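Overview (structure and organization)
These are the residues of each chain, in order.
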Amino acid sequence: MGLMSGTSMDGVDAAVVEINEKSINVISTFNKSYDDELKQELLLMRDNIKSINLDDFARLDHKVGKFFGSVALSAIEESKIKSSQIQAIGSHGQTIRHQPRDSYPFSLQIGDPNLIVNAAKITTVSDFRRRDIAKGGEGAPLTPIFHEFFFQDKISDRVVLNIGGISNITFLKSDSNQIRGFDTGPGNTLMDLWIKIHLNQDFDKDGEWAREGNCDLKLLEAMLSDPYFSSQPPKSTGFEYFNHAWIEKYLNKKEYQAVDIMRTLLMLTIESIASHIERYASSADEIIICGGGAKNKVLIELLKDRMKNKDISLSDHYGINTDYLEAVAFAFLAKKTLSQEPGNIKSVTGANDDVILGGIYLA
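Attention in this report is confined to the structure presented alongside it. (Residues numbered from 1 in each chain as written. Predicted model: local features only at pLDDT ≥ 70, side-chain atom pairs only at ≥ 80, totals over all residues. Heavy atoms only, no water.)

Concerning the packing of aromatic side chains
Cut-off, in case you're wondering: Centres within 6.5 Å are what make two rings of Phe, Tyr or Trp a pair, Trp counting through its six-membered ring; a difference in plane orientation under 30 degrees is then read as stacked, over 60 as edge-to-face, and the rest as tilted. By definition, any uninterrupted DSSP run of H or I lasting at least four residues is a helix, any uninterrupted run of E lasting at least two residues is a strand, and each is numbered from the N terminus. With a 1.4 Å probe rolled over the protein chains alone, any residue whose accessible area is under 20% of its type maximum counts as buried; one over 50% counts as exposed, and the rest are partly exposed.
Enumeration over the complete set of coordinates arrives at 15 aromatic pairs. Measuring from centroid to centroid gives 5.5 Å for Phe-146 and Phe-332, while their planes differ by 55°, and the two rings are tilted. Within this pair, whereas Phe-146 is found in helix α5 (residues 144-151), its partner Phe-332 is found in helix α13 (residues 325-338), the two being separated by 186 residues in sequence. Take Phe-332: its relative accessible area is 5%, and that puts it in the buried class. Between the aromatic rings of Tyr-228 and Phe-242, the centroid separation amounts to 5.7 Å while the plane-to-plane angle is 90°, which identifies the pairing as edge-to-face. With Tyr-228 in helix α9 (residues 227-230) and Phe-242 in the loop between α9 and α10 (244-251), this residue pair connects regions lying 14 residues apart in the sequence.

Overview of unusual backbone geometry
Between Ala-140 and Pro-141 the backbone carries a cis peptide bond, its omega angle lying at -15°. Secondary-structure assignment places Pro-141 in the loop between α4 (129-134) and α5. Put simply, Pro-233 and Pro-234 share a cis peptide bond, and its omega is 5°. A positive phi angle, near 65°, is found at Lys-253, a position not held by glycine. Relative to the helices and strands, Lys-253 is located in the loop between α10 and α11 (258-280). The exposed category is assigned to Lys-253, whose relative accessible area is 82%.

Here we look at the environment of Tyr-280
This is how the line gets drawn: In this analysis, two residues are considered to be in contact whenever any of their non-hydrogen atoms come within 4.5 Å of each other.
Relative to the helices and strands, Tyr-280 resides in helix α11. Residue Tyr-280 is classed as buried on the basis of its relative accessible area of 13%. Sequence separation between Tyr-280 and Gln-232 is 48 residues, and the spatial gap between their C-alpha atoms is 9.8 Å. Once residues within four sequence positions are removed from consideration, Tyr-280 is found in contact with Phe-171, Arg-180, Phe-182, Ser-231, Gln-232 and Pro-233.

Structural notes on the side chain of Thr-269
Along the polypeptide, Thr-269 turns up in helix α11. Setting aside residues no more than four positions away along its own chain, Thr-269 makes contact with Ser-167, Pro-186, Gly-187, Met-191 and Leu-299.

What follows is the structure in structure tokens.
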């Protein structure tokens, strides 16, 4: 079983999967949204990192761990299989802070795995990112090793594009095992922030608000001049960098229509994705999309228009629902850990070695 919560902090996805030597069968999926109180606590901690109370932090680690445990139990019930048939749970946890280029690099996920083991009575693997960081890597993205297993094709070069809070790509060449992958920049995170501030909605359903706006080309150009977009991979990022303060820096106290900013932020996501693919994966014939951004109809329409020469499809076409691909990936990573096999790809994260990831909490 894989348990995943992304940077949007909206809840936990679970996937129960059967992993064979050359294939994966998704048995069932399950999602549970954070209740309003827990989500607010998470957002407050994320956005007020300099004033965190240690007791509040520890309590939140417990609350999130307990929540993940309840999701695991519900996912088992949904799957209609016995918990004894599940070899392990791979829990990503909830990212609170990701600073891989700090003078003391770290990536911090909460959701105490001891509480998941206690609830589900199933061995749990968690804390996947820090071993890669200990080896000099970014600790992200970690899903490319699963993308390679599931999506690599012997005929065509492919890009797997995950549009979550942050967007990342994996480039899979048909004739090579040299995998590249990195974060391209914001996915939904800036749009989610903007619509929350102006319409008090958690996200722009189908991209309909952005559809009403006009992109400000000068503002878009200024945003795209941000050093992150031109920096060389390996690279990863998060809401520590792309946040409300980042938007305000580029607005520079000028007056804009809120809906036009929304459209501009949507175009920023599209252009940053497209330009990175053109720069680092130009030979790709196919782009396979997963993540919450796949549901943003306007984003997908305009991305297809921007990249007319590519065959663009959703991961559903290959048998994995766009919402659950990352949960499946963390089940796969748990299997790797228990098999004592490396779970990172050093050409992706920049680590100086391929290493076994995560800590194992035995049932």
